[in-house]
Amino acid sequence: MFSLKQNSWFIRKVVIWRAVASIAWSVLLLPVTTAVFVLLSRFSLFHPIQWISECTSLLMASSTIFSLVVLCGVVLITGFFNLEFYTLVPSIPCSRMALLGTVLHPRQCVHSLVYCTMGMLVMWCASVTIGGRYSTLGSPCRQSESGEVVTCLNEYHVFLLLAGAFMGYSHSFLGVVQNTYYVSFQPIQQYKYPRFKGSLPMLVKCSVIQSLYSARNFAALYFFFGYVPKTWISSTLNLQIDSSVQPLDSLTGLLDFSLLYHLSISGTFLYLTWYLTVLLFRIYVTEAYSFPVQSTFTEDAEQCLPKVLAEKNTLVMKFLALQDLALLSQHSPSRRLEVFSLSQPGGHPHNWNAISRECLSLLSELTQRLVAHQDAVASNGRVKSQSASSDTRSASSSSSVLSGTEDVADTPRLSVPLRTPGSVFKSSVGGVNSALTAPFTPDVDSPFSSPAIRRLAGQQDPQSPWFGTVQSPHIMRRGPKLWSASTESQSNGSPPASPATVPTSPPAASQKPSFLAQWLQNRREQVKSFLAKRVLIVYLFNKLPEASSQALFADSQAHIWALQGLSHLVAASFSEDQFGVVQTTLPSILSCLVVLLEAVDRHFKLPHASSKPVRTVCSMGDSTYKTLRFALRAALKTAIYKITTTFGEHLKAVNISTEHRKRLQQFLEFKE
């Protein structure tokens with residue numbers, strides 16, 4: 001219990017205080033952005049002195065101070081949502097229907113509603129700051145027959161408020177589509193101020209571009225449907241509509257340069273306020289943190305690097321620990337000596353064992369994931385054969401068998417050290433119809449799968465000519481690749497039997513389905529065939545081409561750090577490891593790297609795996625996850641080259657398999 005409290009306090013100290021610091025700086029920068037907005041909103045080219053004096057008096061006015069208080073509340077809520085919704089592993093929907101389900105999720109609907117409200121609040125502050133015809137909701141328009149002044153609806157004020165709600169929803173929607181809450185770590189570490197200064201021009205550019213896009217879309221939307229909210233607001237607040245003023249839901253009303261200018265700069269101010277909070281949160285959360293390798297006191301043991309590497313509950317702490325491992329392995333000789341040191345008393349390499357175990361566990365998990373994906377694609381939806389299962393087991397065992405000390409070899413592996421997005425993997429082990437292979441295998445049970453897919457998957461229609469014996473010689477030729485043949489048939493030279501002709505043992509108790517169950521099954525098949533012919537349904541449920549490959553490597557930044565940390569530590573051990581603690585686990589490390597390289601090479605031979613992603617328009621969404629698979633392959637080859645160039649011909653004395661030795665020879669000869 002004491003260690004759990006210490007660990008939670010440590011996590012709170014690192015993560016939450018960083019988020020609080022980013023929110024504090026966002027609040028401190030609000031007066032600066034507000035002053036720039038005031039200068040732009042009251043800009044006058046021909047009266048510069050009057051322009052500056054009006055802006056100065058406006059900045060000191062009570063309305064501006066109250067607007068700053070409201071904006072501070074908006075920034076606090078935005079910072080809370082950043083802390084609540086941020087993720088280190090992006091959510092990558094593998095179909096358009098999955099993306100639609102994410103957008104319509106109740107949690108996301110609440111998020112959109114809150115951002116619509118905050119957008120209206122920011123636009124209200126902007127309209128009050130601009131003043132003039134935008135300041136109030138009601139304005140005196142004409143005198144009635146009794147001589148009283150009638151209050152009419154100020155459509156300009158309503159226009160800005162509705163634009164704020166629209167921009168708020170756009171920001172929430174794009175947060176899902178563009179993964180705005182995805183926080184990526186920079187490959188080159190920078191201090192906070194240089195990184196903020198370098199990102200500021202991009203931030204302003206994205207705010208302006210997004211504001212112009214939103215202003216254009218909202219103007220078109222208001223042109224067609226602006227009469228509905230205007231009428232509802234006037235009837236609800238008992239305000240009349242001034243017929244003498246040109247309505248804004250017309251072409252002449254929208255072609256107002258002053259209106260479009262104030263809408264654009266107000267939208268830029270709104271997006272800049274939100275994007276600034278997101279940028280500062282990313283900078284503070286991803287700042288490098290130095291963990292102690294070992295601690296003198298027992299109560300501080302949970303804060304040491306080997307313990308934090310095994311963290312399962314808080315993923316950001318695991319990422320920070322892996323980042324620190326990669327940095328210390330390259331730039332800190334004194335901390336590397338602590339990794340290679342032995343415990344006293346006892347003389348055991350606990351630090352190296354714990355670090356290498358976690359890194360190898362990460363890499364082995366990625367290898368198993370890639371092998372399962374390749375088996376699912378190669379089997380075309382069929383149940384994995386016994387040979388494929390044995391290949392999977394041999395690949396995982398060859399990467400996980402350690403020939404070093406006993407406490408490393410006997411330590412159990414983590415089942416799922418890092419979780420990929422829920423749209424890809426729900427469990428670490430599963431069959432073809434499990435969630436593991438769902439994004440990569442045609443869903444034959446889906447009502448939208450075509451008959452061709454069901455034929456490839458082995459589900460045949462009894463009335464079709466494909467039922468029973470396979471009649472095509474092409475399918476017979478593909479037999480050995482799609483399913484395993486018995487050893488006897490191959491030794492005798494007979495062709496392997498197709499799955500349709502292989503006799504199966506009858507069930508213990510065969511039961512004929514009832515009439516109702518068969519009728520429901522027929523109706524279900526009819527619905528499937530009907531929906532499969534609808535173009536819109538097929539468009540929504542079709543798999544996106546690159547999404548499966550991107551989701552497979554969505555958390556590969558952790559594996560890149562593990563590769564860098566392991567390779568640099570192994571290379572440094574050639575001259576710094578006084579006790580030889582690394583040499584005992586060197587065979588397992590080399591085997592794990594080679595097996596992972598073979599799995600990665602096979603993956604890049606699959607369709608759409610090696611295609612480069614399309615460059616997106618300027619946005620705050622981080623798209624670096626789309627190229628993580630290329631970065632992982634480069635980091636993997638660099639890690640192997642780092643080890644082979646350091647050890648050279650000494651690797652021939654390492655006890656590894658012949659196949660792995662041949663692959664390492666390619667690196668020794670610089671042929672990879």
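Residues numbered from 1 in each chain as written. Predicted model: local features only at pLDDT ≥ 70, side-chain atom pairs only at ≥ 80, totals over all residues. Heavy atoms only, no water.

Draft legend 1. Representation of the overall build of the protein chain within the structure. A tally of helices and strands in the protein chain yields 28 helices and 2 strands. In the protein chain, buried positions account for 46% of the 672 residues. Counting contacts in the protein chain only where the partners sit at least 6 residues apart, residues at least 24 apart contribute 77% of the total. By element, 62% of the accessible surface of the protein chain is carried by carbon and sulfur atoms, the whole surface being about 34,500 Å². (Helix = DSSP H or I, 4+ residues; strand = E, 2+ residues; numbered from the N terminus. Buried < 20%, exposed > 50% of the residue type's maximum accessible area, 1.4 Å probe, protein only. Contact = heavy atoms within 4.5 Å. Areas by Shrake-Rupley, 256 points an atom, 1.4 Å probe, with all protein chains shown as cover.)

Draft legend 2. Main features of the packing of helix α6 (residues 106-130) against helix α11 (residues 257-285). Between α6 and α11, whose axes approach to 10 Å, the crossing angle comes to 130°. Between α6 and α11, the angle falls in the class oblique. Helix-helix and strand crossings are classified by hand; for α6 and α11 the assignment is right-handed. Across from Tyr 115, Met 118, Gly 119, Val 122, Met 123, Ala 126 and Ile 130 in α6, the residues of α11 making contact are His 262, Leu 263, Ser 266, Gly 267, Phe 269, Leu 270 and Trp 274. (Axes fitted to C-alpha atoms, helices over the stretch in contact; angles between N-to-C directions. Parallel < 35°, antiparallel > 145°, perpendicular 65-115°, else oblique. Left-handed = near helix turned anticlockwise from the far one by under 90°.)

Draft legend 3. Molecular detail of the UniProt feature "transmembrane region" (unreviewed entry) in the protein chain. The UniProt feature table records "transmembrane region" (unreviewed entry) at residues 20-45, 65-89, 110-130, 156-181 and 259-281. Taken as a whole, residues 110-130 contains 100% helix and 0% strand, while its terminal C-alpha atoms sit 30 Å from one another. (UniProt positions renumbered as here; feature names shortened; annotations may be inferred.)

Draft legend 4. Region of the structure containing α6. For α6, with 25 residues, the first-to-last C-alpha span of 36 Å sits near the 36 Å given by 1.5 Å per residue. Directly after α6, the chain includes Gly 131, whose backbone phi takes a positive value near 75°. (Expected span 1.5 Å × (residues − 1).)

Draft legend 5. View of the pattern of salt bridges. Scanning the model with the defined rule gives 15 salt bridges in all. Measuring nitrogen to oxygen at the nearest pair gives 3.9 Å for the salt bridge that ties Lys 318 to Glu 358. Taken together, the positions of Lys 318 in helix α13 (residues 315-331) and Glu 358 in helix α15 (residues 350-378) put the pair 40 residues apart, joining distant regions of the chain. Glu 358 gets classed as buried once you look at its relative accessible area, which sits at 10%. Notably, a salt bridge pairs Glu 365 with Arg 369, separated by 2.7 Å at the nearest N-O pair. You can see Glu 365 and its partner Arg 369 sitting in helix α15, 4 residues apart, about one turn around the helix. No difference in accessibility class separates Glu 365 from Arg 369, as the two residues are buried. (Salt bridge = Lys/Arg side-chain N within 4 Å of Asp/Glu carboxyl O.)

Draft legend 6. Up close: the packing of α15 against helix α26 (residues 586-603). Following both chains from N to C, one finds α15 and α26 inclined at 25°, their axes separated by 9 Å at the closest point. Considering the angle they form, α15 stands roughly parallel to α26. Of the two elements, α15 crosses α26, and the hand of that crossing is left-handed. Touching Trp 352, Leu 360, Leu 363, Ser 364, Leu 366, Thr 367, Leu 370, Val 371, His 373 and Gln 374 of α15 are Ser 588, Ile 589, Cys 592, Leu 593, Val 595, Leu 596, Ala 599, Val 600, Arg 602 and His 603, all from α26.

Draft legend 7. Local environment of unusual backbone geometry. The backbone phi angle of Asn 179 is positive, close to 55°, even though this residue is not glycine. Relative to the assigned elements, Asn 179 resides in the loop between α7 (155-177) and α8 (192-225). Even without glycine at this site, Asn 238 takes up a positive phi of about 60°.

Draft legend 8. Summary view of the environment of Val 308. Assignment of secondary structure puts Val 308 in helix α12 (residues 305-309). Judged by relative accessible area, Val 308 falls into the buried class, the value being 3%. Along the primary structure Val 308 and Ala 321 are separated by 13 residues, whereas in three dimensions their C-alpha atoms are 6.3 Å apart.

Draft legend 9. Structural detail: helix α3 (residues 48-59). Compared with an ideal rise of 1.5 Å per residue, which puts 12 residues at 16 Å, α3 spans 17 Å between its outermost C-alpha atoms and is within 8% of the ideal. All of the buried residues in α3 are Trp 51, Cys 55 and Leu 58. What you see down the axis of α3 is that its buried residues fit within an arc of 65°, all on one side. Structurally, α3 contributes buried residues whose contacts are with α2 (30-41), α4 (62-85) and α6. (Arc of directions from axis to C-beta.)

Draft legend 10. Looking closely at the packing of aromatic side chains. Applying the stated rule across the entire model yields 29 aromatic pairs. Aromatic pair Phe 319 and Trp 561: ring centres 5.9 Å apart, planes at 85°, arrangement edge-to-face. Linking Phe 319 in helix α13 with Trp 561 in helix α25 (residues 556-576), this pair joins segments that are 242 residues apart in sequence. Residues Phe 319 and Trp 561 agree in their burial class; the two are buried. Taking the centre distance of 4.8 Å and the plane angle of 70° together, the rings of Tyr 641 and Phe 667 count as edge-to-face. One end of the pair, Tyr 641, is in helix α27 (residues 628-647); the other, Phe 667, is in helix α28 (residues 658-668), with 26 residues separating them in the sequence. (Phe/Tyr/Trp six-rings, centres within 6.5 Å; stacked < 30°, edge-to-face > 60°.)

Draft legend 11. Representation of a nonpolar patch on the surface in the model. Together, Leu 221, Phe 223, Phe 224, Phe 225, Leu 251 and Leu 255 give the surface a local cluster of nonpolar side chains, amounting to about 680 Å² of exposed area. When residues of the nonpolar patch are assigned to their parent elements, the largest contribution, 4 residues, is made by α8. Checked against the element boundaries, Leu 251 lands in helix α10 (residues 251-254). (Patch = residues over 30% accessible without salt bridge, like charges linked within 9 Å, V, L, I, M, F, W, Y side chains within 5 Å.)

Draft legend 12. Representation of the confidence of the model for the protein chain within the structure. Averaged over every residue, the pLDDT of the protein chain is 79; the share at 70 or more is 78%. Between residues 381-509, whose pLDDT stays under 50, and residues either more than four places distant or in other chains, the model counts 177 contacts. (pLDDT = per-residue confidence, 0-100.)

Draft legend 13. View of the environment of Asn 542. Considering the arrangement of structural elements, one finds Asn 542 in the loop between α23 (535-541) and α24 (547-552). The spatial distance from the C-alpha of Asn 542 to the C-alpha of Arg 96 is 7.4 Å, given a sequence separation of 446 residues.

Draft legend 14. Highlighting the state of the cysteines. One pass over the structure, following the stated rule, counts 0 disulfides. In this structure Cys 359 is not part of a disulfide, and its nearest cysteine sulfur, from Cys 592, lies 9.8 Å away. (Disulfide = S-S within 2.5 Å.)

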